[in-house]
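# Structural features, examined
Letter by letter, the chains look like this.
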Amino acid sequence: MDVKIEQSWKEHLTSEFEKSYFQKLTDFVKQEYATHRVYPKGSQIFNAFEKTPFDRVKVVILGQDPYHEPGQAHGLCFSVNDGIALPPSLQNIYKELEDDLGISPKPSGNLERWAEQGVLLLNATLTVRAHQAGSHQQRGWEEFTDAVIHHIAEEKEHVVFILWGSYAQKKGEFIDPVKHKILKSAHPSPLSAYRGFFGSKPFSKTNQYLIQTGQTPIEW
């Protein structure tokens, strides 16, 4: 089937789009958008891929679900649109960034500037019904995003995978730690950030590895 996704990703993921689970997922998502308020807006479902083409991926940050309140989600995990108040997890990400690299928090939670430098901001589930966290889980998105991670892990090398929390770590269990750099810590959520996210220094560790492997560091 013809899926409107960035061309380099389309070339890598064509086989997924032909599988029966993806057809069922597409039917479900279309029905949801037709009958409920769903985030992000339809044109931004694959925004992470649009902002970070396959050949430019050098860092992957895994999230779980899109934000489910108005105006927040725009297809990049942990990121919100300009002008939207920073969600608690993103506040903690900015706090760790300041502690790690001395970078003062930006007023905007829009992380497109990271994505455009090669940071794939990938949620495991790419859509959600308004006000209902997890409402589109177990419908096929997880299988699709597993395939995305497999393609990156198998076809590229020296990618940094930042896995915050047990969900992301489980999803990335198959990644080869010799071929790639895997950074694990607690999730930045206020419920867990003090159990190992704060002080984990993911941003400086990422840049150290990128420099070691001859890549351009991220301007966080």
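For the structure, see preceding data.
Let us look at the structure shown here. Note that the coordinates shown come from a computational prediction; the quantities given were computed from them, not determined experimentally.

Reading the values: rules and limits
Residues numbered from 1 in each chain as written. Predicted model: local features only at pLDDT ≥ 70, side-chain atom pairs only at ≥ 80, totals over all residues. Heavy atoms only, no water. Helix = DSSP H or I, 4+ residues; strand = E, 2+ residues; numbered from the N terminus. Contact = heavy atoms within 4.5 Å. Polar contact = N/O pair within 3.5 Å; in protein donor to acceptor, adjacent residues only side chain to side chain. Buried < 20%, exposed > 50% of the residue type's maximum accessible area, 1.4 Å probe, protein only. Arc of directions from axis to C-beta. Phe/Tyr/Trp six-rings, centres within 6.5 Å; stacked < 30°, edge-to-face > 60°. Core = buried A, V, L, I, M, F, W, Y, C linked by side-chain atoms within 4.5 Å. Axes fitted to C-alpha atoms, helices over the stretch in contact; angles between N-to-C directions. Parallel < 35°, antiparallel > 145°, perpendicular 65-115°, else oblique. Left-handed = near helix turned anticlockwise from the far one by under 90°. Nonpolar A, V, L, I, M, F, W, Y, C, P; charged D, E, K, R; others polar. Salt bridge = Lys/Arg side-chain N within 4 Å of Asp/Glu carboxyl O. Pairing = 2+ DSSP bridges. Right-handed = clockwise from strand over helix to strand, strands pointing away.

### Regarding the environment of F174
Mapped onto the elements of the fold, F174 is located in the loop between α7 (165-171) and β6 (181-185). Sequence-wise, F174 and I149 are 25 residues apart; in three dimensions their C-alpha atoms are separated by 9.3 Å. Beyond its immediate chain neighbours, meaning those up to four positions away, F174 contacts D146, I149, H150 and A153.

### Let's talk about the side chain of D100
If you trace the backbone, D100 turns up in helix α4 (residues 88-101). One polar contact links the side chain of D100 to the main-chain amide nitrogen of F203, over a distance of 3.1 Å. There is a polar contact of 2.7 Å between the side chain of D100 and the side chain of S204.

### Focus: helix α1 (residues 7-17)
Owing to its 3.6 residues per turn, the α-helix brings residues three or four apart onto one side. Buried within α1 are the following residues: S8, W9, L13, E16 and F17. Summarising the axial view, the buried residues of α1 lie within an arc of 150°, below the 170-degree limit, and thus occupy one face. Elements that come into contact with the buried residues of α1 comprise α2 (20-35), α3 (47-51), β3 (119-123) and α6 (141-155).

### Digging into the packing of aromatic side chains
Inspection of the entire model under this criterion finds 18 aromatic pairs. Plain terms: the ring middles of F17 and F144 are 6.0 Å apart, the flat faces sit at 25° to each other, and that makes the pair stacked. Here the residue F17 occupies a position in helix α1, and F144 occupies one in helix α6, the gap between them amounting to 127 residues. Considered together, F17 and F144 belong to a single accessibility category, that of buried residues. Aromatic side chains Y194 and F198 sit 4.8 Å apart centroid to centroid with 65° between the ring planes, which places their arrangement in the edge-to-face category. Relative accessible area serves as the criterion here: at 67%, Y194 is assigned to the exposed category.

### Thoughts on the nonpolar core
Nonpolar side chains in soluble globular proteins tend to be buried together. Counting residues in hydrophobic clusters, the biggest one holds 65 residues, and the most contacted among them are W9, F46, I61, W114, F144 and I152. Per-element tally for this core: the top contributor is α6, with six residues. The contact partners of I61, leaving out residues within four places of it in the chain, are C77, F78, W114, V119, L120, L121, L122, I162 and W164.

### Details of the packing of α1 against α6
The N-to-C vectors of α1 and α6 enclose an angle of 130°; their axes lie 11 Å apart at closest approach. Considering the angle they form, α1 stands oblique to α6. In this structure, α1 crosses over α6, and the sense of that crossing is right-handed. In contact with W9, H12, L13, E16 and F17 of α1, α6 contributes F144, A147, V148, H151, I152 and E155. Looking at the contact of α1 with α6 residue by residue, the class counts come to seven nonpolar, two polar and two charged.

### Quick notes on the pattern of salt bridges
Taken as a whole, this structure holds five salt bridges when the rule is applied. E32 is the partner of R129 in a salt bridge, and the nearest nitrogen-oxygen pair spans 2.8 Å. A residue pair is termed long-range when its members are at least 10 positions apart, and R129 in strand β4 (residues 128-129) and E32 in helix α2 qualify at 97 residues. D99 is the salt-bridge partner of K95, the closest N and O atoms lying 3.5 Å from each other. Taken together, the residues K95 and D99, both in helix α4 and four residues apart, mark about one turn of the helix.

### Topic: the pairing of strand β5 (residues 160-164)
Burial of β5 is extensive: five of the five residues sit out of reach of the surface. Residues V160, I162 and W164 line one face of β5 and the alternating positions F161 and L163 line the opposite face, and both faces are buried. Across three bridges, strand β2 (residues 59-63) lies against β5 in parallel orientation. Each bridged residue has a counterpart across the sheet, and for I61 the counterpart in β5 is I162. In this fold, the crossover linking β5 to β6 by way of α7 has right-handed handedness.

### A closer look at the sheet that holds β2
Spatially, the four strands line up as an open sheet ordered β3-β2-β5-β6, and their pairing is parallel. Each edge of the sheet is formed by a strand with only one pairing partner; in this case those strands are β3 and β6. Averaged over all neighbouring strand pairs, the angle between strand axes comes to 20°, with direction disregarded. As paired elements, β2 and β3 share five bridges and run parallel to each other. In the sheet register, V60 faces β3, and the bridge partner there is L120.

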